[in-house]
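Spelled out, the chains give:
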Amino acid sequence: MDQWQRRTLAYLSSLTLLVVVYALAYDYGMTVYEGRPQPFYQSLQVVVETFTTTGYGSDAPWETPEMNFFVILMDATGVVLIFMALPVFVVPLFEQAVSTTLPTTVDMENHVVICTYSPRTETLISELSSWEMEYVIVEPDREQAMELYESDYSVVHGDPESVDSLANVNVEAAAAVVADASDEVDVSVVLTAREAASEVPVVSVVEEPELATYHELAGVDRVLSPRKLVGESLAGKVKTAVSAELGEAVEIGEDFEVAELPVQRGSHLVGSTLAESGIRERAGANVLGAWFRGEFETPLTPGTTLDAGTVLLVAGRESQLERLKELTRSPVRSPRGGRVVVVGHGEVGSTVTDELAAASVPYTVVDIADKPGVDVVGDTTDPETLEEAGIETARSVLFTLADDTVTSFGTLVARDLNPNVEILARAEETESVQKIYRAGADYVLALSTVSGRMLASTILEDEEVISMDKQVELVRTSAPRFSGQTLAEADIRSKTGCTVVAVERDGEVITDLGPEFRLQRDDDLIIAGDDEGVTEFTKVAN
């Protein structure tokens, strides 16, 4: 029984009881005060006529003040009951008549079935759209489904834990099913998907890694733990900064890689334009693009200014990237000196400390709760707490908190206590990234963005997409329309915004690409670009 039915039943029950009570009282009044006894059904008729405003005066006039006041009360009660009936009957029926009918079925093939909408769904849909892959969201909440439908998302209103609902979205012909609700609901979705389509790949997102086993027992093909990945990525940025090693990079060919290098505060590159930096001349590496406060830009113009916290996406041989890494360093920071302050010791924070411990990087953990692994207990936004943790001499601070508001405030405090400290932060919501950057962070990683890209990378693995931490992809793809053209003639960068990093030909990866390099039909191009650029490239190259 839905809410409208319950309200209707309650209203009709109350109305019946009220009519009977008024009829009994009216019948009593006519006998005692007016001295005009009458059958009960006649008293009941008078009350019904009064409440419904369909007739008056069959017993008028009334001689006594008691009966006149009682009739006035009946009149007022009838008016109130009419107005009460509007929200109970009329308004819901009107809303139902004019409301949009949500779809409950779709006719798709080779699509991705996304079970419930979450913040990471935005990134996943963006990735799928860039590869022109269809999707449908199965959303059990009607209001959420309506909002998505009106925003032009492909969505159906249904229960993802129901075999019928999954059958309605043609799950048997789907390319994959994504379970992304809660850890417990995801297990139910996986079991339902296995019943509805046993051969379709199923991917689930787990918030608590210790529950991953139950997802696997339910039959999921791949369990993703985004919090663990965020922790590993943040730790990787710190390890790269405090060690002499290049850190994480994507290998394209033998001794040729694509990597991210942050421009540290105090670096000689800060404040210079790309042309003034002399990166190409001094290091030999190519700058493919850069993140400015979390926003990726490619290609860069010679006049683009490099700021503290700019993260360069560069390609080159390991020796070239090592030379560029030296240019991006701050001379006021010792490569190996200083501790790392880790603020927060939840799932992300504990992953960070595990990674730092494995790399022999000294660290201090701050958390508001006293638990194993915490060195300093206190309010993470209190200057005294951060001072006790040694922030004034720290090399880096990592905020791994789930509360973006606390992270923003803590970033302001940390920047005030140590203007030269490197601040890296995890953001729970993508919308908070810019706010945390404005607070003074050097590098911010949004959990929802990483999660969405993890899902997309898993689903699109046949497309050989290598996803970076943010809005850029390395894609290996063919380009038959450019066959026979030189890179200068193809002019790929100006047409699509993507950069050709390397070309794979006859099993050999060619990285020494000049303007006169001529493309052949069977070449596989390795390109770098953002989502929009990759989408445009696939349109013009195939």
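The residue numbers shown here count from 1 along each chain, following its written sequence. Two thresholds apply to this predicted model, a pLDDT of at least 70 for residue-level local features and 80 or more for giving and counting side-chain atom pairs, whereas whole-chain, interface and lining totals are computed over all residues. Calculated side-chain values reflect all of the structure's heavy atoms, with hydrogen atoms and water omitted.

### With respect to the overall build of the protein chain
Next up, step 1: Helix and strand assignments come from DSSP, with helices taken as H or I runs of at least 4 residues and strands as E runs of at least 2, each series counted from the N terminus. Helix and strand counts for the protein chain come out as 20 helices and 22 strands.
Next up, step 2: Classification of residues uses two cut-offs on accessible area relative to the type maximum, computed with a 1.4 Å probe and protein chains only: under 20% is buried, over 50% is exposed, and between them is partly exposed. Within the protein chain, buried positions represent 52% of all 542 residues.
Next up, step 3: Contacts spanning at least 24 positions in sequence make up 66% of the contacts within the protein chain whose residues lie at least 6 apart. Whether two residues are in contact is decided by their heavy atoms: any pair within 4.5 Å suffices.

### Some points on the sheet that holds strand 17 (residues 443-446)
Next up, step 1: Pairing between strands is defined by DSSP: at least two bridges between them are needed. One open sheet holds the six strands; their spatial order is 14-13-12-15-16-17, and the pairing between them is parallel. Strand pairing shows two members of the sheet lacking a second neighbour, strand 14 (376-377) and strand 17, which therefore form its edges.
Next up, step 2: Bridging between strand 16 (residues 422-427) and strand 17 involves four bridges; their strand directions are parallel. Residue pairing for strand 17: arginine 426 is matched across the bridge by leucine 445.

### Describing the pattern of salt bridges
Next up, step 1: For salt bridges, the criterion is a side-chain nitrogen of Lys or Arg within 4 Å of an Asp or Glu carboxyl oxygen. Here the structure, examined in full by the defined rule, presents 11 salt bridges.
Next up, step 2: Note that glutamate 34 and arginine 36 form a salt bridge whose closest N and O atoms lie 3.7 Å from each other.
Next up, step 3: The class of glutamate 34 is buried, set by a relative accessible area of 13%.
Next up, step 4: Given a relative accessible area of 33%, arginine 36 falls into the partly exposed group.
Next up, step 5: Counted as one network, the salt bridges with shared partners bring together Arg120, Asp180, Glu207, Arg227, Arg426 and Glu428.

### A word on a nonpolar patch on the surface
Next up, step 1: Patch membership requires more than 30% relative accessible area and the absence of a salt bridge. Residues of like charge join within 9 Å; the nonpolar side chains Val, Leu, Ile, Met, Phe, Trp and Tyr join within 5 Å. Residue exposure ignores everything except the shown protein chains as possible cover, and the areas themselves are Shrake-Rupley values with a 1.4 Å probe. Together, Val20, Leu24 and Phe40 make up a nonpolar patch on the protein surface, roughly 250 Å² of accessible area in all.
Next up, step 2: Of note, leucine 24 is situated in helix 1 (residues 3-32).
Next up, step 3: Classification of leucine 24 as partly exposed rests on a relative accessible area of 49%.

### Description of the packing of helix 4 (residues 119-130) against helix 17 (residues 447-459)
Next up, step 1: Orientation is described by axes fitted as lines to C-alpha atoms, over the contacting stretch for helices, and by angles from 0 to 180 degrees between their N-to-C directions. Close contact between helix 4 and helix 17 brings their axes to 7 Å; oriented N to C, the two are set at 40 degrees. When the axes of helix 4 and helix 17 are compared, the pair comes out oblique. Between helix 4 and helix 17 the crossing geometry is right-handed. Contact residues: Pro119, Arg120, Thr123, Leu124, Glu127 and Leu128 in helix 4; Ser448, Thr449, Ser451, Gly452, Arg453, Leu455, Ala456 and Ile459 in helix 17.
Next up, step 2: Residues that form the contact of helix 4 with helix 17 fall into these classes: six nonpolar, five polar and three charged. Note on terminology: angles under 35 degrees are roughly parallel, angles over 145 are roughly antiparallel, angles of 65 to 115 are roughly perpendicular, and the others are oblique. Helix crossings are classified by the rotation of the near helix relative to the far one: an anticlockwise turn of less than a right angle makes the crossing left-handed, while a clockwise turn makes it right-handed. When residues are sorted by character, Ala, Val, Leu, Ile, Met, Phe, Trp, Tyr, Cys and Pro go into the nonpolar class, Asp, Glu, Lys and Arg into the charged class, and all the rest, Gly among them, into the polar class.

### Some remarks on the packing of aromatic side chains
Next up, step 1: In this analysis, rings of Phe, Tyr and Trp, with Trp reduced to its six-membered ring, are considered paired at centre separations within 6.5 Å, and the interplanar angle assigns stacked below 30 degrees, edge-to-face beyond 60, and tilted for intermediate values. Applying the stated criterion across every chain yields a total of five aromatic pairs.
Next up, step 2: Each ring, one from tyrosine 22 and one from phenylalanine 70, has its centre 5.6 Å from the other, and the planes form 35 degrees; the classification is tilted. Pair noted here: tyrosine 22 is in helix 1 and phenylalanine 70 is in helix 3 (residues 65-98), with a separation of 48 residues, a long-range link. The same class applies to tyrosine 22 as to phenylalanine 70, namely buried.
Next up, step 3: Three or more aromatic residues joined by ring pairs form one cluster here, namely Tyr22, Tyr26, Phe51 and Phe70.

### Details of the environment of serine 233
Next up, step 1: Tracing the chain through its elements places serine 233 in helix 9 (residues 226-242).
Next up, step 2: Spatially, the C-alpha atom of serine 233 lies 8.4 Å from that of leucine 445, the residues being 212 residues apart in sequence.

### A look at the confidence of the model for the protein chain
Next up, step 1: Each residue gets a pLDDT score, which is the predictor's confidence in that residue and runs from 0 to 100. Residues with a pLDDT of 70 or more make up 88% of the protein chain, whose mean pLDDT is 82.
Next up, step 2: No element of the protein chain has a lower mean pLDDT than strand 18 (residues 465-467), which averages 40, and none a higher one than strand 2 (residues 135-139), which averages 95.
Next up, step 3: Within the model, pLDDT remains below 50 along residues 241-248, and this stretch shows 28 contacts once partners closer than five positions in the same chain are excluded.
Next up, step 4: Here residues 462-470 is modelled with pLDDT under 50, and outside its nearest four sequence neighbours on either side it reaches 37 contacts, counting other chains as well.

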